[in-house]
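Single-letter residue listing:
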Amino acid sequence: FSVDFDGARGVAVGAFGEVQSTADGGKSWTKSKLPTELTLLDVHTDAVRTIAVGQTGTIFTQAAGGAWEPATSGVTSRLFGVASNVDGLAAAAGEFGTLLLSEDGGRSWHKLTLDWMQIGTDGGAEPHLYGVDVGADGMLTVVGEFGLVLRSTDRGRNWSVQSRGTPSVFAVEIREAGKGFAVGQDGYALKTTDNGVTWTCVDVGRK
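One structure accompanies this document, and this report is about it. (Residues numbered from 1 in each chain as written. Predicted model: local features only at pLDDT ≥ 70, side-chain atom pairs only at ≥ 80, totals over all residues. Heavy atoms only, no water.)

**Brief notes about a nonpolar patch on the surface**
Stated precisely, the cut-off is as follows: Only residues above 30% relative accessible area that lack a salt bridge enter a patch, with like-charged residues linked at up to 9 Å and the nonpolar side chains Val, Leu, Ile, Met, Phe, Trp and Tyr linked at up to 5 Å. Accessible areas in this description were obtained via Shrake-Rupley with a 1.4 Å probe; residue shielding takes into account the shown protein chains only. Any carboxyl oxygen of Asp or Glu that lies within 4 Å of a side-chain nitrogen of Lys or Arg is treated as forming a salt bridge with it. The numbering of helices and of strands both runs from the N terminus, where a helix is a DSSP run of H or I of at least 4 residues and a strand a run of E of at least 2. Burial classes follow relative accessibility: with a 1.4 Å probe on protein chains only, a residue under 20% of its type's maximum area counts as buried, one over 50% as exposed, and anything between as partly exposed.
On the surface, Val 3, Phe 5 and Trp 29 cluster together to form a nonpolar patch covering roughly 260 Å² of accessible area. Relative to the helices and strands, Trp 29 resides in the loop between strand S3 (18-22) and strand S4 (30-33). Judged by its relative accessible area of 34%, Trp 29 is partly exposed.

Here's what the structure looks like:
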C-alpha cells in the first residue's frame, strides 16, 4: 500500500504485515514479514528510523540497522499516513480525525485533539485524515477529507486551515526548499512554494 525512499534505500509495506526493502534504488527487493496479520497502510523511512502504520492503530518502528519493534498507539483507528523528521518528531494520521504525535521517533505516542467546529467541518464532523508531512523545523501539515490542508507550527497545539475544497486529499510532501504538493481525488492537486503557507490548484490535465 505504500513505499518510501531515503536515497537508494526504500521500504514498502502491505497486507498481512508484509515488508519489502531495497538498498539499490528499487532494482532488487528483499521480502520480510512483521509479527502481525494486519495490513500496513503507510511507511516513512529516513537515515535514522523507519515507521510503519496500519489497521487498528498498528505501529512498528525500526532504528537504522535494528530490529522492528511494536509501539503502542493508544487508538484502534486505522492509520493512513505517517511521517517523521530526523530529530524524532513524528505524526500519524487516520480515520475520523485521528491524529497522533511522537517526540521520540515513534516509540511512544499521544493523541492530538482538534476542534473541528473551529476548523469548520460540517457540524464539527471528524474527517478522515489521509496524509501528513513533518518538516525539519517541526511544522506539521495534514491532509484529508473536504479538501483539507491543515498546518501547525507548534507541534499540534494550534492549527490553521490552509486550504479546503470538495475532493479528498490523500497525500502531501513538502521538500526542504519549501516546495511541495498535495494530491487527491479526481486529479485534484495543490502546490505550495512557501513551505505550506499558501496552496494553489495545479492543472494536471484531468478530463
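**Things to note about the layout of surface pockets**
As a reminder, the rule being used: The distinction between a cavity and a pocket rests on a 1 Å grid over the protein atoms alone: a 1.4 Å probe fits inside a cavity but cannot get out, while a pocket stays open yet meets protein on both sides within 12 Å along at least five of seven lines, and a residue with an atom within 4 Å of a point counts as lining. Grid points are joined across faces, edges and corners, and a volume is the space filled by probe spheres set on the points.
Space inside the largest pocket adds up to approximately 1,100 Å³. Lining the largest pocket are 39 residues, with Asp 4, His 44, Asp 133, Val 172 and Glu 173 positioned closest to its centre. Elements with a minimum of two residues in the lining of the largest pocket: strand S1 (2-6), strand S5 (40-45), strand S9 (79-84), strand S13 (129-134), strand S17 (169-174) and strand S18 (180-184).

**Digging into the side chain of Asn 85**
Stated precisely, the cut-off is as follows: Residue contacts are counted whenever heavy atoms from the two residues lie within 4.5 Å of one another.
Along the chain, the position of Asn 85 falls in the loop between S9 and strand S10 (90-94). Not counting the four nearest positions on each side in its chain, Asn 85 is found in contact with Asp 46, Arg 49, Val 134, Gly 135, Ala 136 and Gly 138.

**Some details on the pattern of salt bridges**
Under the counting rule described, the total for this entry stands at five salt bridges. One salt bridge in this structure joins Lys 33 and Glu 37, with 3.0 Å as the shortest N-O distance. Given the relative accessible area of 46%, Lys 33 is considered partly exposed. Here Glu 37 falls in the exposed class, since its relative accessible area comes to 54%.

**A look at the sheet that holds strand S12 (residues 110-111)**
Short version of the rule: A pair of strands is considered paired only if DSSP assigns at least 2 bridges between the two.
Reading across from one edge, S9-S10-S11-S12 is the order of the four strands in this open sheet, with antiparallel pairing throughout. With one partner strand each, in any of the chains shown, S9 and S12 form the two edges of the open sheet. Relative to S12, strand S11 (residues 99-102) runs antiparallel, the two being bridged by two bridges. In the sheet register, Leu 101 faces S12, and the bridge partner there is His 110.

**Some thoughts on the packing of aromatic side chains**
Convention followed: For Phe, Tyr and Trp, rings pair up if their centres lie within 6.5 Å, where Trp contributes its six-membered ring, and each pair is then called stacked (planes under 30 degrees apart), edge-to-face (over 60) or tilted (otherwise).
A full pass over the atoms with the stated rule returns three aromatic pairs. Look at Phe 5 and Trp 29: their rings are 6.0 Å apart centre to centre, the planes differ by 80°, and that puts the pair in the edge-to-face class. Of this pair, Phe 5 sits in strand S1 while Trp 29 sits in the loop between S3 and S4, and the two are 24 residues apart along the sequence. We classify Phe 5 as partly exposed; its relative accessible area is 34%. Through a chain of ring-to-ring contacts, three or more aromatic side chains come together here, namely Phe 80, Tyr 130 and Phe 170.

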